[in-house]
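# Breakdown of the fold
Listed below are the residues making up each chain.
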Amino acid sequence: MNLQKEIIRVTSEYFEDNIDWLKLSNASKEYKNILEELCGQNMDNEEGRSDIGFENGKALGAFWAALCLDDLVRTRQFIRGINEAIKEKINVKKPLHILYAGTGPFATLILPFILRYSKLDIKYTFLEINPLSFKIVQDVISKLGLDEYDITFAKKDATKYQIDSKNEPDIIISETMQNALAKEQQVPIFLNLMRQVNNETIFIPEKIELFIGLKKAGSPMDVPQANQYREAEMVFEVSKESMFPSETSKTQITKEVSFKKSKL
Ligand SMILES: C[S@@+](CC[C@H](N)C(=O)[O-])C[C@H]1O[C@@H](n2cnc3c(N)ncnc32)[C@H](O)[C@@H]1O
């Protein structure tokens, strides 16, 4: 079986404009099976399940990071967002540079693109802080026969990573928002990276907003659901618009990030 072709076939469902839940769910299962087989390593053990603690949050254990693929809507949205960003940039600059902060063991969100674009069109930087995920993702790339591609692997903390100003990324991707930002470090990661690039760089996700939500009357008390709350006040936004006040230069980003007090 040609695994590259199989991944292209299976992941094509994420690019369909209309959602067919059964097909999407089957595609996701097939994609995961291929990746698990490729990886050939049992991550369901103490090492695989261990998160790594940092001052601002955790980095998920490899086992948990691999499970993220199962979130159909998340995976589909990210892949479609990355697709839009690449389409916007690919005819403007070659090679494009994509920085992926927090690849997990499979580089799930970017593999569909590595396999769809020529190695001359896009170069990649893969950041991953979890040593097991870092080891596995290199293995997966190698087993897929992608050693010739321009991929820089860095076992670094993305909240502190220093971007080489001569090699700035055009697109920056990170999905480190486990448990609605409560657990992982999406916000400090994006703040660190946004401070180092110009406002031409596309971030996926484009915007992160944090709201105070007030519970709607009559909602059950047991398991909280987003639709039981109404957005009362936005306390925080991380986006290019909020970080780059008016002009284009990164040197203008001096703004300290703080939470305003709410009168609610
Ligand atoms: C929620 S998982 C997502 C994995 C994969 N990108 C996906 O979408 O399926 C987040 C990944 O980011 C990594 N990570 C979290 N914080 C990080 C940090 N500060 N620097 C580098 N990697 C980080 C975790 O180890 C984990 O592998």
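Anyway, here's the lowdown on the structure attached to this text. The structure presented is a predicted model; accordingly, all values stated were derived computationally and were not measured.

## Overview of the overall build of the protein chain
When you go through the protein chain residue by residue, the secondary structure sums to 9 helices and 9 strands. Its C-alpha atoms give the protein chain principal-axis dimensions of roughly 60 × 45 × 40 Å. Put simply, 74% of the contacts in the protein chain that link residues at least 6 apart link residues at least 24 apart.

## Section: the nonpolar core
Among the nonpolar cores identified, the biggest contains 54 residues, and Ile98, Tyr100, Ala101, Ile110 and Ile173 are the most heavily contacted of them. Ranked by residues supplied to this core, first place goes to helix H7 (residues 131–143) with 6 residues. Other than its neighbours up to four places away in sequence, isoleucine 173 contacts Ile82, Ile98, Tyr100, Ala101, Leu109, Ile110 and Ile204.

## Thoughts on helix H2 (residues 21–39)
Compared with the 27 Å implied by 1.5 Å per residue over 19 residues, the 27 Å span of H2 between its first and last C-alpha is a close match. Every buried residue belonging to H2 is among Ala27, Ser28, Tyr31 and Leu35, and all of these are buried. Taken end-on, H2 shows its buried residues confined to a sector of 100 degrees, consistent with a single buried face. Of the residues in H2, the exposed ones pointing more than 90 degrees away from the buried face are Leu22, Asn33 and Glu37.

## Regarding the pairing of strand E5 (residues 151–154)
When strand E4 (residues 122–127) meets E5, the two strands line up parallel, connected through 4 bridges. Within the sheet, the bridge partner assigned to threonine 125 lies in E5 and is threonine 152. Crossover E4 to E5 through H7 is right-handed.

## Observations concerning the site of the ligand
Close to the ligand lie 25 residues; Ala59, Ala65, Gly102, Gly104 and Ala158 are nearest. Residue classes in the shell around the ligand are distributed as 11 nonpolar, 10 polar and 4 charged.

## Side note on the packing of H2 against H7
Following both chains from N to C, one finds H2 and H7 inclined at 100 degrees, their axes separated by 9 Å at the closest point. The orientation of H2 with respect to H7, classified from their angle, is roughly perpendicular. The residues of H7 that touch H2, namely those facing Leu35, Leu38 and Cys39, are Ile136, Asp139, Val140 and Lys143. When grouped by side-chain class, the residues that make up the contact of H2 with H7 number 5 nonpolar, no polar and 2 charged.

## Here's the deal with unusual backbone geometry
In this model, lysine 94 is joined to proline 95 through a cis peptide bond whose omega is -10 degrees. Take proline 95: it is sitting in the loop between helix H5 (72–89) and strand E3 (96–101). Of note, alanine 107 is a non-glycine position whose phi angle comes to about 50 degrees, a positive value. The topology assignment puts alanine 107 in the loop between E3 and helix H6 (111–114).

## Structural notes on the environment of asparagine 192
Tracing the backbone through its elements, the reader meets asparagine 192 in helix H8 (residues 186–194). Residues asparagine 192 and tyrosine 161, spaced 31 residues apart in sequence, show a C-alpha to C-alpha distance of 7.5 Å. Those residues within four positions of asparagine 192 in sequence are excluded, and the remaining contacts are Ala158, Thr159, Lys160 and Tyr161.

## Side note on the environment of glutamine 162
Note that glutamine 162 resides in the loop between E5 and strand E6 (171–173). Judged by C-beta crowding, with 8 C-beta atoms within 10 Å, glutamine 162 ranks as exposed. Put simply, glutamine 162 and leucine 193 are 31 residues apart on the chain and 8.0 Å apart in space, counted from C-alpha to C-alpha.

## What to know about the environment of methionine 234
In this fold, methionine 234 is placed in strand E9 (residues 229–239). Separated by 190 residues in sequence, methionine 234 and aspartate 44 place their C-alpha atoms 38 Å apart. The residues contacting methionine 234, other than those within four sequence positions of it, are Glu209 and Phe211.

## Some thoughts on the sheet that holds E4
The strand order E5-E4-E3-E6-E7 describes an open sheet built from 5 strands, whose pairing is parallel. Two strands in the sheet have a free side with no partner beyond their single neighbour: E5 and strand E7 (202–204). In this sheet, neighbouring strand axes are inclined to one another by 15 degrees on average, regardless of whether the strands run parallel or antiparallel. Relative to E4, E3 runs parallel, the two being bridged by 6 bridges. Paired with leucine 99 across the bridge in E4 is threonine 125.

Here is what the cut-offs are and how they apply
Residues numbered from 1 in each chain as written. Predicted model: local features only at pLDDT ≥ 70, side-chain atom pairs only at ≥ 80, totals over all residues. Helix = DSSP H or I, 4+ residues; strand = E, 2+ residues; numbered from the N terminus. Contact = placed C-beta atoms within 7 Å. Core = buried A, V, L, I, M, F, W, Y, C linked by C-beta atoms within 7 Å. Buried ≥ 20, exposed ≤ 12 C-beta atoms within 10 Å, placed from the backbone. Expected span 1.5 Å × (residues − 1). Arc of directions from axis to C-beta. Pairing = 2+ DSSP bridges. Right-handed = clockwise from strand over helix to strand, strands pointing away. Near = placed C-beta within 6 Å. Nonpolar A, V, L, I, M, F, W, Y, C, P; charged D, E, K, R; others polar. Axes fitted to C-alpha atoms, helices over the stretch in contact; angles between N-to-C directions. Parallel < 35°, antiparallel > 145°, perpendicular 65-115°, else oblique.

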